[in-house]
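# Chains, contacts and geometry: an overview
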Amino acid sequence: MSARRRCERGILRLLFAAMTRWGIVLVSWAAWASWALLTRVEGGALTDREAPSLAERLEHARAILSEVPLIDGHNDLVMNIRTVLENQLEDFPFDKNLTEVEPWASRSNCHTDIPRLRAGQVGAQFWSAYVPCRSQYKNALTQTLEQIDVIHRLVDKFPEDLQLVTSSEGILNAHAHGKIGCMVGVEGGHSMDSSLGTLRTFYRQGVRYMTLTHMCNTPWADNSAAEPEHLEFDGLTAWGETVVKEMNRLGMLVDISHVASQTMNDVLDITRAPVIFSHSDTRALCNITRNIPDDVLVRLHENGGIAMVNFLPDFLSCSSTATLQDVVAHINHIRDIAGPDHVGLGSDYEGITTVPEGLEDVSKYPYIFAELLLDPKWTDEDLKKLAGMNLIRVFQEVERVRDQLAGEAPWDAFIPSEDVADHLDCVNPWPLDLKDPLT
Amino acid sequence: MVLTGVPALMVALVLGTSASPLPVRVSPTASHQERLKAARALLQESPLVDGHNDLAWNVRMILHNKLRTFNLSSDLTQEKPWRKSPYSQTDLPRLRRGLVAAQFWSVYVPCEAQYMNTVQLLLEQIDVIKRIIAASPRETKLVTSSGEILEEFGCGRVASLLGVEGGHGLGSSMGVLRALYDLGVRYLTLTHKCHTPWAECSETINHVAPNAPGLTQYGKEMILEMNRLGMMIDLSHSSSQTARDVLATTRAPVIFSHSAAFALCDAPMNIPDDVISALVENDGVIMVSFYNDFLTCGKPSNIASVIEHINHVRTMAGVDHVGVGAGYDGINRTPEGLEDVSKYPELFAELLQDPSWSLQDLKKLAGLNFLRVFGKVEEPLSLPLPPSHFPPPVHLPPNTFSSPAYPFPSPNPSPSLHPTPFYSPPNPLPFLSPNLFPLSPPNPFSFPPTQPLPSPPTQPLPFPHQPLPFCSTPHNPFPSPHPTSSLSPYPTPSLPSHNPSPSPTNPHPIPFPSLPLPNPSPSLPPHPNPPFTHPPQPNPLLPPPPFPPTGEPAPVGGEAFGGDHSHSRHRRQVAVPVQVRQPRQRPHLT
């Protein structure tokens, strides 16, 4: 860096420091003064006029959601299809209201079906291909492929309503054709068996995000439940970094929900594309490790990524109950810290057994927007971003980075054997120690 | 007498370039050179398909799937460590000299990994084959249908196909089976040298008894699901009882991708005569292996030994049911004269000595028989079945779920959720029922051919094949798996930029006045210029705001990537096209 440039930067830095110390006072005073002046000039229009009714706000919210797709970052329906139906879709009445069909009706987490998705005006849904941590080092990969297969078959079974989507453009395409875009996300790096070949296969199978961990450490990343005492790697290992880089190269969204804050920071250090939190809340409002700390939200703004708010009361209010207002509070907190370009919705429906009051199932999304319409800082443009345009922007950026990296060779290092030395009971670590059984 | 090495190549070059467009029958007494010339002309006019090649396994064993130093387009006879390996018989230059039109790459995983991580190994092997193919776009291309094989034949490229060797790789999961089909796999060898929980193999390495002789009920459902998908069933390595059970179940023709006749060598893997004969009714094809241990039970063999097996299959099943599946790169003892993938024309030159082999018969042997089978497997079934589901294996032995498997959702599902198998073959010999193989749409590979094969080259292909002008080849050595061109008619949307923009006019006007924000904090600056200020209440957790980083992304591509290929774990210092940041400061969370 030239001396002149360094000098310029020094001056900028000083200016910036002065801005942040004293500028805030001045600017906020000016803002208050002008607001007060304006309200007086307009004859107190805001205070005199009654707030619009819920019906009016809902109508407006629905208009917004018909313009842009509402995208939800996480739904565990496919896990329940496995648990209840053992993946047998023949008689699965997804196009009926499942609250009237047993055994779904009596389950506490029956939140999703096509009629309710339509009522909630969902434009695109990331379906989670989740398998439990207990499968790690065992048959997690087989089960994950089976769950991905279910998503594909579900889309094939209901082509009138569902459309498989693997690109940002596809989301808009599905929305334009009145279909619900179906995207595949893998929840938990344990699904990929510590193998980049497997990761690439996921991508070819249409998977567009992978959550780096679930509630267990992988051999290359710490999860939030390990924080702070049981961290193994203080974030990502060296090989874990190649996982993130390969995801960047492939064009797969890196999802850092569920990971430890150390892992979040490590990912933000090395990722070459924006990241997502597919279903997480903020620690500022409920201080548990599963949520996002504020410093990471600041870095998320820098990274250009997006945090999608989870609806589980335990994460929203640190208690067993919550309301729609709690969801709004987390949305607003992310907006305050990271900005309106970095917030979205990731309900976690079907994976949660309690729901906030007012957000009982996927038909209720418009009520969030109706609530936010009471708050004048949420412009229509902001609401569209919250609904889906933020995620589409992130997805487009990830695709742009992918295209930019087209000349990069695939990362092909096996995980170092010492990293998995404790987990080889059910693994054939070939080509080591293997005679030649060819032909 | 067989010419070898350089003289053969020179002869081939001279003869190949001057070959006439149509093969001419030569006299059985013609010289070897004349017959070789005729064989080459034949294989340039009609595609040669090989059913089995184990290259991918060698790439894993030798290179651990690291492809930095590997390119299949290079001459591996000159490269360490390949030139010294008795298992290395394949590269693209030799495949093209051998006039191979289509090669099935075997996705093999060892039986030692059964009930462990076979699925992972399988996916890694598929990945490595795809990367190898993608690195040689001018010479080969991955294809998944019989039509594409012919297209690539016209383009002068080797069509690459995937076949999975060993049903143990599936983890007994139909979800995995369907995933493999989606990934481009087009045949599944039901077993390798271990029984799967649902199919018996011909010889085991672990001496475990099978669950049942032949196929179990779940195995039959697997077969029907493969029929539904359009995945070929490969019976090499299966026990003869399994083969019989499959032939009684399947609704499409089967293949033996690399096998020989039990009557000539009683190796356990070879096919008994009754099964060979049963292929007549099934309409399948037996692709003869070139492995000494199968041809002559380990004794030295030569081209005549291979021809003996071919002729035996022809005698027992007919000329419509025989093909070649050498098994190169998985064998270390080859017949004299067929040492590697460049030698296929020698086999056809020898067969031209036998007047009972017509030119049309030789074309069938080379590939038309296989293409007929593939075409039939691709035909939609007359009675579409619903996709089969995960886990029926009520037949799994108790020890199947021993250590490695976590039976999610539950080890003992309620019986009501296991309906009786949705499909039971209505006819124990379905191939006797004519309506199971509907005649429409017309099969272009049925014999006698109802219409001429869509063989594009009207001019003799130069030898070795040069890509024809109408065959586009990508120039990127690492083509991105995602086409950049979009076919969607939907225009790319104009996305909201980071710059806050005024709301567009809304058809449903908001019922309260939109006012300047009463937000005391300055509006957010456009991303990514980060003089980002915090909300009024300073958060003690927050680090000081980052200094405006330089917004210029580092150069991407070119030397920034892959320049340094040292062997350390951090071999590539990849330029990161995001902003440079100050070292992060983590808050102390206690």
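Residues numbered from 1 in each chain as written. Chains lettered and ligands numbered in written order. Predicted model: local features only at pLDDT ≥ 70, side-chain atom pairs only at ≥ 80, totals over all residues. Heavy atoms only, no water.

### A word on the overall build of chain A
When helices and strands are counted, chain A shows 15 helices and 9 strands. Counting every position in chain A, which comprises 439 residues, the buried fraction comes to 66%. Contacts spanning at least 24 positions in sequence make up 73% of the contacts within chain A whose residues lie at least 6 apart. Counting every atom, chain A has about 14,600 Å² of accessible surface; 54% of that belongs to carbon and sulfur. (Helix = DSSP H or I, 4+ residues; strand = E, 2+ residues; numbered from the N terminus. Buried < 20%, exposed > 50% of the residue type's maximum accessible area, 1.4 Å probe, protein only. Contact = heavy atoms within 4.5 Å. Areas by Shrake-Rupley, 256 points an atom, 1.4 Å probe, with all protein chains shown as cover.)

### Here's the deal with the pattern of salt bridges
Inspection of every chain in the model, using the stated rule, returns 40 salt bridges over all chains. Between A:Asp269 and A:Arg299 there is a salt bridge, with its nearest N and O atoms 2.8 Å apart. Linking A:Asp269 in helix 10 (residues 261–270) with A:Arg299 in helix 11 (residues 294–303), this pair joins segments that are 30 residues apart in sequence. With its nearest N and O atoms 3.0 Å apart, the salt bridge here joins B:Arg131 to A:Asp412. A residue pair is termed interchain when its members come from two chains, as with B:Arg131 in helix 5 (residues 118–134) and A:Asp412 in the segment after helix 15 (380–404). Under the relative-accessibility criterion, B:Arg131 is labelled buried at 11%. In this structure A:Asp412 comes out as buried when scored by relative accessible area, which is 8%. Each of the salt bridges in this network shares a partner with another, and the network as a whole consists of A:Arg200, A:Arg204, A:Glu246, A:Arg249, A:Asp412, B:Asp127 and B:Arg131. (Salt bridge = Lys/Arg side-chain N within 4 Å of Asp/Glu carboxyl O.)

### Focus: helix 6 (residues 146–155) of chain B
All names here are of chain B. In terms of burial, helix 6 is largely enclosed, as 7 of its 10 residues are buried. If you check which residues of helix 6 are buried, you get Ser-146, Ile-149, Leu-150, Glu-152, Phe-153, Gly-154 and Cys-155. Tucked into the core, helix 6 has its buried residues touching helix 2 (32–45), strand 2 (102–108), strand 3 (140–142), strand 4 (158–165) and helix 14 (359–378). Where helix 6 terminates, the next one or two residues include Gly-156, which has phi positive at roughly 75 degrees.

### Here's the deal with helix 3 (residues 55–63) of chain B
All names here are of chain B. Most of helix 3 sits inside the fold, with 7 of its 9 residues counted as buried. Every buried residue belonging to helix 3 is among Leu-55, Ala-56, Trp-57, Asn-58, Val-59, Arg-60 and Leu-63, and all of these are buried. Elements in contact with the buried residues of helix 3: strand 1 (49–53), strand 2 and helix 5. Just downstream of helix 3 lies His-64, where phi reads positive at about 55 degrees.

### Notes on the nonpolar core
Soluble, globular proteins show a tendency: their nonpolar side chains are buried together. Counting residues in hydrophobic clusters, the biggest one holds 224 residues, and the most contacted among them are A:Phe94, A:Leu212 and B:Leu347. Of all the elements, helix 15 of chain A adds the most residues to this core, at 10 residues. Counting residues in each nonpolar core, the second largest holds 20 residues, with B:Ile149, B:Tyr187, B:Leu368 and B:Leu371 among its members. (Core = buried A, V, L, I, M, F, W, Y, C linked by side-chain atoms within 4.5 Å.)

### Notes on the packing of helix 3 (residues 54–67) of chain A against helix 14 (residues 365–372) of chain A
Residue and element names in this part refer to chain A. At a minimum axis distance of 8 Å, the contact between helix 3 and helix 14 shows a crossing angle of 115 degrees. Here helix 3 is positioned roughly perpendicular relative to helix 14, judged by the angle of their axes. Two packed elements cross with a definite hand, and for helix 3 against helix 14 that hand is right-handed. Mapping the contact onto sequence places Leu-54, Arg-57, Leu-58, Ala-61, Arg-62 and Leu-65 in helix 3 and Pro-366, Tyr-367, Phe-369, Ala-370 and Glu-371 in helix 14. Here the contact of helix 3 with helix 14 is composed, by residue class, of 8 nonpolar, no polar and 3 charged. (Axes fitted to C-alpha atoms, helices over the stretch in contact; angles between N-to-C directions. Parallel < 35°, antiparallel > 145°, perpendicular 65-115°, else oblique. Left-handed = near helix turned anticlockwise from the far one by under 90°. Nonpolar A, V, L, I, M, F, W, Y, C, P; charged D, E, K, R; others polar.)

### Some thoughts on the state of the cysteines
Per the stated rule, a full pass over the model turns up 4 disulfides over all chains. In this model A:Cys286 forms its disulfide with A:Cys318; the gap between the sulfur atoms is 1.9 Å. An S-S torsion of about 95 degrees defines the bridge between A:Cys286 and A:Cys318 as right-handed. Residue A:Cys286 is found in the loop between strand 7 (275–277) and helix 11, and its partner A:Cys318 is found in the loop between helix 12 (313–316) and helix 13 (324–338); the two are separated by 32 residues along the sequence. The exposure class assigned to A:Cys286 is buried, which follows from its relative accessible area of 1%. Disulfide pairing places B:Cys111 opposite B:Cys194 at an S-S distance of 2.0 Å. Looking along the S-S bond of the B:Cys111-B:Cys194 disulfide, the torsion reads about -75 degrees, which is the left-handed sense. With B:Cys111 in the loop between strand 2 and helix 5 and B:Cys194 in the loop between strand 5 (185–189) and helix 8 (217–229), this residue pair connects regions lying 83 residues apart in the sequence. Here B:Cys111 falls in the buried class, since its relative accessible area comes to 6%. (Disulfide = S-S within 2.5 Å.)

### Some thoughts on the side chain of A:Asp294
Residue and element names in this part refer to chain A. The residue Asp-294 is located in helix 11 in this model. Arg-283 provides the closest opposite charge to the buried, salt-bridge-free Asp-294, at an N-O distance of 8.7 Å. A polar side-chain atom of Asp-294 sits 2.7 Å from a polar atom in the side chain of His-333. (Lys, Arg positive; Asp, Glu negative; His and termini not counted. Polar contact = N/O pair within 3.5 Å; in protein donor to acceptor, adjacent residues only side chain to side chain.)

### With respect to the confidence of the model for chain B
Residue and element names in this part refer to chain B. Across chain B, the average pLDDT comes to 74, with 61% of residues at 70 or higher. Across chain B, the secondary-structure element scoring lowest on mean pLDDT is helix 1 (residues 5–17), at 41, and the one scoring highest is strand 5, at 98. Low confidence marks residues 389–403, where pLDDT is under 50. Its contacts with residues over four positions away, or in another chain, come to 37 contacts. Contacts from residues 474–590, a stretch scored under 50 in pLDDT, to residues over four places away or in other chains number 206 contacts. Taken together, the chains of this predicted complex give a pTM of 0.76 and an interface ipTM of 0.82. (pLDDT = per-residue confidence, 0-100.)

### Looking at the pairing of strand 5 (residues 207–211) of chain A
Residues and elements named next belong to chain A. Buried residues dominate strand 5, accounting for 5 of its 5 residues. As defined by bridge partners, strand 4 (residues 180–187) adjoins strand 5 across 4 bridges and the pair is classed as parallel. Considered in strand 5, the bridge of Gly-185 is made with Tyr-209. Handedness of the crossover is the feature at issue here: the chain leaves strand 4, passes through helix 8 (residues 196–204), returns alongside strand 5, and the resulting connection is right-handed. Here strand 5 runs beside strand 6 (residues 253–255); their pairing, made up of 3 bridges, is parallel. (Pairing = 2+ DSSP bridges. Right-handed = clockwise from strand over helix to strand, strands pointing away.)

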